[in-house]
Amino acid sequence: MIGEWIRNVPPLCFENARIVDAERGETRGTLRIARGRIDGMNVKPQRGDTRFDLRDALVLPGLMNAHDHLELNNFPRWKNRSCYTNAREWAMEGNARLDGDAEIVRARAVPLKERLFNSGLKNLLSGATTVAHHNPRHAPLREKHFPVRVVARYGWSHSLYLAPEFARAYRKTPRDAPYMIHLAEGTDADAQRELPQLDAAGALRDNTVLIHGVGLTQAQRARAIETRAALVWCPSSNFFLLNETARVRDFSDARLLAIGSDSRLTGERDLLDELRVARATHQISDDALLRAVTSDAARILRVRDVGRMERGMRADLVILPNTFRSAADALGKISRADLCAVIVNGQVRVADSEFEALMPNAARIRCDEREKILARDLAERYAQFTLREAGLELL
Ligand SMILES: [Zn+2]
């Protein structure tokens, strides 16, 4: 996780900001950041502060990507049939190809450290400043200069079919940490049998985070909500594999819905593209989508100091152009090149060139045909590695 390497940076005051909190709505004014955290809203700049006029741009909490597999984003989007009835069939076919498919062999040969770093960049570029990684917490994910915050306390199993010992994994997870598992990732009878199995094993509780949930029946959704288990919705991955997605309205109404991009093995490029797919299903309101990638996600993933615009919260922020009616209106319409700036721990990490005054020594990049600037330390590591992010170029 990103450390606090910014203690000596002077406080930063964003003026003329439209400050967006998914629970409270939008306010206009000043946002002061000090020591990597939100220090106050609508406070007067103090002597020594760096002042920056946002000209009515929208500032919201950095987005939370509630489901990714950070070692798999350099793999090709892959399937063997047009549609599956259960992700288990896809997983079995994929396993059989691990050593035989040249493209997959090449992707696996890239060192893990590079793959993880590029996945960090993938998320950062899309404004996802916190990511829930569904797999072991590899050492590079704990490094203080990893591009984004990775949820540190969690338990996990892959799925009932790949992890028959799931109940033990659940019991080993602290009660105040999320336990993540793929569940009902299918449209067949097998998918419908999974939730009762999880429940019978005592692993369906208020820290359980169900991923996908496409095959859940209405009664099963009600049972999950009764226990306060949450759902992570990954619609593009679902449509790609199953030609269908989860019904999420009741989880959203119960404030138990988060959204994940999944890896590019099955999902869209990043969380913003995922939000476009989510929005197009018209299942929940734009405001509910915003909550699902900020405040509700933070609560579900038990990351207590992100996801809200409040004093003391981490200054992990996304700045959106002033041309949108609201932040909720922008989500589902914007792509990563449209973001004005992404800030982690109070530090601008990638931005439009207007933010140059806040990014000494930034490197110039081209991101999807738009010129931007990237923090020097990230650009240097990107340059050292061989793995390339499509659409990202150092100038
Ligand atoms: Zn997963």
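The preceding data block contains the structure.
The paragraphs below set out a description of the structure included in this document. (Residues numbered from 1 in each chain as written. Predicted model: local features only at pLDDT ≥ 70, side-chain atom pairs only at ≥ 80, totals over all residues. Heavy atoms only, no water.)

## Overview of the coordination of the zinc ion
- Coordination of the zinc ion by the protein is provided by His67 (NE2), His69 (NE2), His134 (ND1) and His182 (NE2), with metal-donor distances spanning 1.9 to 2.4 Å.
- Taken together, the four donor atoms coordinating the zinc ion span angles of 95 to 126 degrees at the metal, a pattern that classifies the geometry as tetrahedral.
- Within one chain, the residues donating to the zinc ion are spaced in sequence as H-x1-H-x64-H-x47-H. With His69 in the loop between strand 6 (63–68) and helix 1 (87–97) and His134 in the loop between strand 7 (128–133) and strand 8 (149–150), this pair connects stretches of sequence that are 65 residues apart. A single burial state applies to His69 and to His134, both of which are buried. (Donors = N, O, S within 2.8 Å, 3.2 Å for Na, K, Ca; no water. Tetrahedral: all angles 85-135°; square planar, octahedral: opposite > 155°, others 65-115°. Helix = DSSP H or I, 4+ residues; strand = E, 2+ residues; numbered from the N terminus. Buried < 20%, exposed > 50% of the residue type's maximum accessible area, 1.4 Å probe, protein only.)

## A short note on the nonpolar core
- Counting residues in each nonpolar core, the largest one holds 121 residues, and the members touching the most others are Phe14, Ile319 and Phe355.
- Each of domain 1 (12–63 + 308–394) and domain 2 (64–300) accounts for three or more of the residues forming this core.
- Those residues in contact with Phe14 that lie beyond four places of it in its chain are Gly29, Thr30, Leu31, Ile33, Phe52, Leu54, Ile319, Ile343, Phe355 and Leu358.
- Of all hydrophobic cores here, the second largest spans 14 residues; its members include Tyr84, Trp90, Ala107 and Leu265. (Core = buried A, V, L, I, M, F, W, Y, C linked by side-chain atoms within 4.5 Å. Domains from an automatic or database assignment. Contact = heavy atoms within 4.5 Å.)

## Topic: the environment of Glu93
- Along the polypeptide, Glu93 turns up in helix 1.
- Overall, the relative accessible area of 18% leaves Glu93 in the buried class.
- Distance in space between the C-alpha atoms of Glu93 and Ala315 is 43 Å, their sequence separation being 222 residues.
- Beyond its immediate chain neighbours, meaning those up to four positions away, Glu93 contacts Trp78, Asn80, Arg81 and Tyr84.

## Quick look at the pairing of strand 10 (residues 179–183)
- The element strand 10 is largely enclosed, with a buried count of five among its five residues.
- Alternating residues of strand 10 divide into Tyr179, Ile181 and Leu183 and Met180 and His182, and every residue in both groups is buried.
- Here strand 9 (residues 155–159) runs beside strand 10; their pairing, made up of three bridges, is parallel. Bridged to Gly155 within strand 10 is Tyr179.
- After leaving strand 9, the chain enters helix 4 (residues 166–172) and then returns to the sheet as strand 10, a path that is right-handed. (Pairing = 2+ DSSP bridges. Right-handed = clockwise from strand over helix to strand, strands pointing away.)

## Digging into the packing of helix 3 (residues 112–125) against helix 14 (residues 376–384)
- It is the contact of helix 3 with helix 14, at a shortest axis distance of 11 Å, that shows an interaxial angle of 135 degrees. It follows from the interaxial angle that helix 3 and helix 14 lie oblique. Pair helix 3 / helix 14 crosses with left-handed handedness. From helix 3, Phe117, Asn118, Leu121 and Leu124 reach across to helix 14, where they touch Leu378, Arg381 and Tyr382.
- Looking at the contact of helix 3 with helix 14, its residues break down into five nonpolar, one polar and one charged. (Axes fitted to C-alpha atoms, helices over the stretch in contact; angles between N-to-C directions. Parallel < 35°, antiparallel > 145°, perpendicular 65-115°, else oblique. Left-handed = near helix turned anticlockwise from the far one by under 90°. Nonpolar A, V, L, I, M, F, W, Y, C, P; charged D, E, K, R; others polar.)

## Comments concerning the packing of aromatic side chains
- With the rule as written, the count across this model stands at five aromatic pairs.
- Measuring from ring centre to ring centre gives 5.2 Å for Tyr170 and Tyr179, while their planes differ by 90 degrees; the resulting arrangement is edge-to-face. Note on accessibility: Tyr170 and Tyr179 belong to one class, buried.
- Clustering of aromatic rings is evident, with ring pairs tying together Phe14, Phe52 and Phe355.
- It is Lys79 that lies over the ring of Phe240; its NZ or CZ is 4.3 Å from the centre.
- The positively charged end of Arg388 is found above the aromatic ring belonging to Tyr382, 3.9 Å away from the centroid. (Phe/Tyr/Trp six-rings, centres within 6.5 Å; stacked < 30°, edge-to-face > 60°. Lys NZ or Arg CZ within 6 Å of the ring centre and 35° of its normal.)

## Re the sheet that holds strand 11 (residues 208–212)
- Read across the sheet, five strands follow the order 9-10-11-12-13 without closing on themselves; strand pairing throughout is parallel. Only two strands of the sheet have a single partner each, and these edge strands are strand 9 and strand 13 (257–259). Averaged over all pairs of adjacent strands, the angle between their axes in this sheet comes to 25 degrees, without regard to strand direction.
- The pairing of strand 12 (residues 230–233) with strand 13 spans three bridges and is classified as parallel. Note that in strand 13 the partner of Val232 across the bridge is Ala258.

## Observations regarding the pattern of salt bridges
- Following the criterion strictly, the structure yields 48 salt bridges and no others.
- Note that Asp21 and Arg308 form a salt bridge whose closest N and O atoms lie 2.8 Å from each other. Pair noted here: Asp21 is in strand 1 (residues 12–21) and Arg308 is in the loop between helix 12 (295–300) and strand 14 (317–320), with a separation of 287 residues, a long-range link.
- Arg336 serves as the salt-bridge partner of Asp368, at 2.8 Å between the closest nitrogen and oxygen. (Salt bridge = Lys/Arg side-chain N within 4 Å of Asp/Glu carboxyl O.)

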